[in-house]
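Architecture and fold: a report
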Amino acid sequence: MDLEAFRARLDAWLHQHEEELRVADGDAHRNLEGDLRQLAKVKRATFDAGWMRWGWPERVGGLGGSTLLRAYLGEALTRRDLVEPGIYSMTEVLAPTMVDHAPPDLAAAMVPRLLSGDETWCQGFSEPAAGSNLAALACRAVRDDGVWRVTGQKVWTSLAQYAQRCVLLARTGPAESAHAGVTALFVDMDSPGITVRPIETMHGVPEFCEVFLDEVRVPFERTLGEVDHGWSVAMDLLPYERSTALWHRGAFLHRRLGDLLAEAPAGSLDATAVGQAYLQLFALRARSRRTQHRLADGARLGPETSVDKIMLATTEQSVFELVPDALPGSLMAGQDPASTRWRSDYLYSRAATIYGGSLEIQRNIVARRLLELGPER
Amino acid sequence: MDAAERELYTQSVRAAVAAAQSSDLDATLSALGWHDALGADRRSAVAAVFEACGELGGRGPLDDVLGAELRPQQATDGVAVLLPELGQADPPAARHGDQLVVRGLVRAEVARTGTVLVTARHPGGVELHAVATTDLDVGPALALEPSLGWAEVAGMASAGSPLVADAAGDWERAVALGRLALAHELVGAGRRLLELARVHALDRVQFGRPIAGFQAVRHRLADGLVATEAAAAAVDAAWDLATPEAAGSAKAVAGATARQVGRHAQQVLAGMGFTAEHPLPAVVKRTLVLDQELGSAATLTREIGAELVAGRALPQPLPL
């Protein structure tokens, strides 16, 4: 199916099923468990109707077709406010990793569970002492007969308290092996030895966790990619985080800026500031669309996606920076669902230049890899 | 043009613009078939010529671009088009009875002796007139950057019968097309500014190492690259959307970007970039003029924002 046909048919289907796909009463937005119930419901419905399977290879339960179809599905669901884009887009980060690096049987068995909403997965990369410097990670996996024994700590692991599986990076080489001694593993979260502790956050949504691993046994067949080559698995994953997931987030920002224009009292918005935020969004969407088409044409995405990430982060902050001046009462005192949402979205936007590689790390990548400025020293 | 032809065309335009002196740039472009290409494949021609002019120096033929929408069939080939004065996008003249009050910008070489096509507002709409420049006061080339070859024109002329009686739609399309052309030129200028600063940062040694090794320098240049790529994508999107609003958005993004990159490049080049012998100052000055032509980033951004606030909604976004 091509994009035009997909767009027309999906839009018609969503229009027809909008009522049953709507957020249920009581599942207020930015209530994490409600958002997850809603996500599972929408994924299940769109999977059963086939939409969620387009753009994924047939060998993992997909229906084939361009990756643009996935991008459009996420946009269409986000635009209609049917899913929270952050948790929806984790599929876009984790499923391609399985498609590209998991043993074929494992990918075929597991990816449909993620696409259909039956399971939630998480991504165990960051550690207390390995944030921007991911190569410093210390969580250790030792090979023992047919299993890995994994011991260490992860942090900022989104949705770990709900997840059935985790794509985890562990140190398998010597401590000083840096990038060269890392292996990616696919870990069952109900394995003995895993403890998860959610982190209370500034925006009131405990979506990040600490994960403690104590002699956790992971079958060797759960290795993703080659032993000691986990760094390339991670490097292949990051451009996805900065492409399709980002297209969805752009659609979310478009909706929220539209909401703000509709809700702000007359005289409360500064025309220049609104114009700047809108123009950033215009350019972000233009850039992100280009990246989507390159991905669909088979291009291997790389450091140039750091440009997209910087644009997204700065645009997100420009959009939500309008809120304190336009809706101060709602943001600071409001108890209704809309106010809760403005408060949560505004506060979460403070993290836009931090998560997924900070603004400074992205600039370092641009300087080193795109401008070819040589090493920093 | 298909992708391969476009690439070839772009390369030949770049080579020609790089080799041309500012005085013979127009002849060079004519020899390359610029006027024909403007009719046949407008997007490819405008993109190639204006990005090359922005990056390699030289005045982008903005009046030709407006002429492509304004000119009545063939009749006025070779007649220069009067641009609005700096900062403005309204027609450069107003007709009061049989008098035209003119205030605009024209290529300096035709200013004293030629005829110009003048778009004029009047209470009933917009018209196109031909006016002899001898009837007008023509100033010297712009003082900030005379090499650009634009001169201010002002004065009163008697209005004959218009060449085109209802030119309102033509003018709106001409401004939109001109803004796209300027946005390309600003993107090209941004790339040039960035490259000048990048080369300097790698060459200039202080404290025993190239200043490109310092994060403060690297991050300025990285921000410059991000902004320039954002502007390039915005211009592409505006061609696809093909609306006057999108062209204005692209021009606003490109203008703000070129000025920001100019500030970063100037700071990285430091003393070297402050000397008249370095190429930087001419590019910085050019970006200031380009930003003002057909409406500055500051004005457009405020207008776009005011319209959104008044309408309380966003326009349909660019489709995937």
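Just so it is clear, the structure is predicted and the values come from calculations on it, not from any experiment.

**Quick look at the overall build of chain B**
Summing up its helical and strand segments, chain B has 11 helices and 10 strands in all. In terms of overall dimensions, chain B has a C-alpha envelope of 70 × 50 × 40 Å along the principal axes. Across the 320 residues in chain B, those meeting the buried criterion constitute 51%.

**Let's talk about the overall build of chain A**
Tallying secondary structure elements over chain A gives 14 helices and eight strands in all. For chain A, the C-alpha radius of gyration of 21 Å lies close to 21 Å, the compact-globule estimate for 377 residues. The buried share of chain A, taken over its 377 residues, is 49%. Of all intrachain contacts in chain A linking residues separated by at least 6 positions in sequence, the fraction that spans at least 24 positions is 72%.

**Comments concerning the interface of chain B and chain A**
Opposite the 38 residues of chain B that make contact, chain A presents 40 residues. Among the elements that make up the side of chain B that touches chain A, the one with the highest residue count is helix 8 (residues 215-241) of chain B (15 residues).

**Overview of the packing of helix 14 (residues 359-370) of chain A against helix 8 of chain B**
One way to put it is that helix 14 of chain A packs onto helix 8 of chain B with a least axis distance of 8 Å and a crossing angle of 85°. Viewed along their axes, helix 14 of chain A and helix 8 of chain B adopt a mutual orientation that is roughly perpendicular. For the pair helix 14 of chain A and helix 8 of chain B, the contacting residues are Arg363, Val366, Ala367 and Leu370 of chain A in the first and Arg218, His219, Leu221, Ala222, Asp223, Leu225 and Val226 of chain B in the second. The class makeup of the residues in the contact of helix 14 of chain A with helix 8 of chain B is seven nonpolar, one polar and three charged.

**What to know about the domain arrangement of chain A**
All names here are of chain A. Taken domain by domain, chain A comprises domain 1 (3-119), domain 2 (123-230) and domain 3 (242-370). When each unit is reduced to the centre of its C-alpha atoms, the spacing between domain 1 and domain 2 is 25 Å. Ranked by residues supplied to the side of domain 1 that touches domain 2, first place goes to helix 5 (residues 90-101) with five residues. Per-class residue counts for the side of domain 1 that touches domain 2 are 10 nonpolar, two polar and two charged.

**Brief notes about the nonpolar core**
Nonpolar side chains in soluble globular proteins generally cluster together in the buried interior. Ranked by size, the top nonpolar core spans 212 residues in total, and within it Leu185 and Ala283 of chain A together with Leu221, Ala231, Ala234 and Val253 of chain B carry the most contacts. Here this core gets 17 residues from one element, more than from any other, and that element is helix 7 (residues 168-203) of chain B. Once residues lying within four places of it in the same chain are set aside, the contact partners of Ala234 of chain B are Phe282, Ala283 and Ala286 of chain A together with Ser249, Ala250, Val253 and Ala254 of chain B.

**Some details on helix 9 (residues 271-296) of chain A**
Residue and element names in this part refer to chain A. Here helix 9 contains 26 residues, and its C-alpha end-to-end distance of 37 Å stays within 8% of the 38 Å for a straight helix at 1.5 Å per residue. Most of helix 9 sits out of view: 19 of its 26 residues are buried. Where helix 9 terminates, the next one or two residues include Gly298, which has phi positive at roughly 95°.

**Notes on the pairing of strand 8 (residues 150-158) of chain B**
Of the strand pairs in this sheet, strand 4 (residues 99-107) of chain B and strand 8 of chain B are connected by nine bridges, and their pairing is antiparallel. Considered in strand 8 of chain B, the bridge of Arg107 of chain B is made with Trp150 of chain B.

**Details of the domain arrangement of chain B**
You'll often see interface size given as the accessible area lost when the parts meet. All names here are of chain B. When the domains of chain B are assigned, the result is domain 1 (76-163) and domain 2 (169-311). The partner domain 2 presents 13 residues to the 14 residues of domain 1 that form the contact. Classifying every residue of the side of domain 1 that touches domain 2 gives nine nonpolar, four polar and one charged.

**Focus on unusual backbone geometry**
It is generally the case that most residues other than glycine have a negative phi and that most peptide bonds are trans. Residue and element names in this part refer to chain A. Phi at Asp81 is positive, roughly 65°, even though this residue is not glycine. Here Asp81 lies in the loop between helix 3 (67-79) and helix 4 (85-88). According to the C-beta neighbour criterion, Asp81 is partly exposed, with 14 such atoms within 10 Å. For Asp145, which is not glycine, the phi dihedral falls at a positive 55°. On the secondary structure map, Asp145 appears in the loop between strand 2 (140-144) and strand 3 (147-155). Overall, the presence of 6 C-beta atoms within 10 Å leaves Asp145 in the exposed class.

What counts and what doesn't
Residues numbered from 1 in each chain as written. Chains lettered and ligands numbered in written order. Predicted model: local features only at pLDDT ≥ 70, side-chain atom pairs only at ≥ 80, totals over all residues. Helix = DSSP H or I, 4+ residues; strand = E, 2+ residues; numbered from the N terminus. Buried ≥ 20, exposed ≤ 12 C-beta atoms within 10 Å, placed from the backbone. Rg over C-alpha atoms; globule rule 2.2 N^0.38 Å. Contact = placed C-beta atoms within 7 Å. Axes fitted to C-alpha atoms, helices over the stretch in contact; angles between N-to-C directions. Parallel < 35°, antiparallel > 145°, perpendicular 65-115°, else oblique. Nonpolar A, V, L, I, M, F, W, Y, C, P; charged D, E, K, R; others polar. Domains from an automatic or database assignment. Core = buried A, V, L, I, M, F, W, Y, C linked by C-beta atoms within 7 Å. Expected span 1.5 Å × (residues − 1). Pairing = 2+ DSSP bridges.

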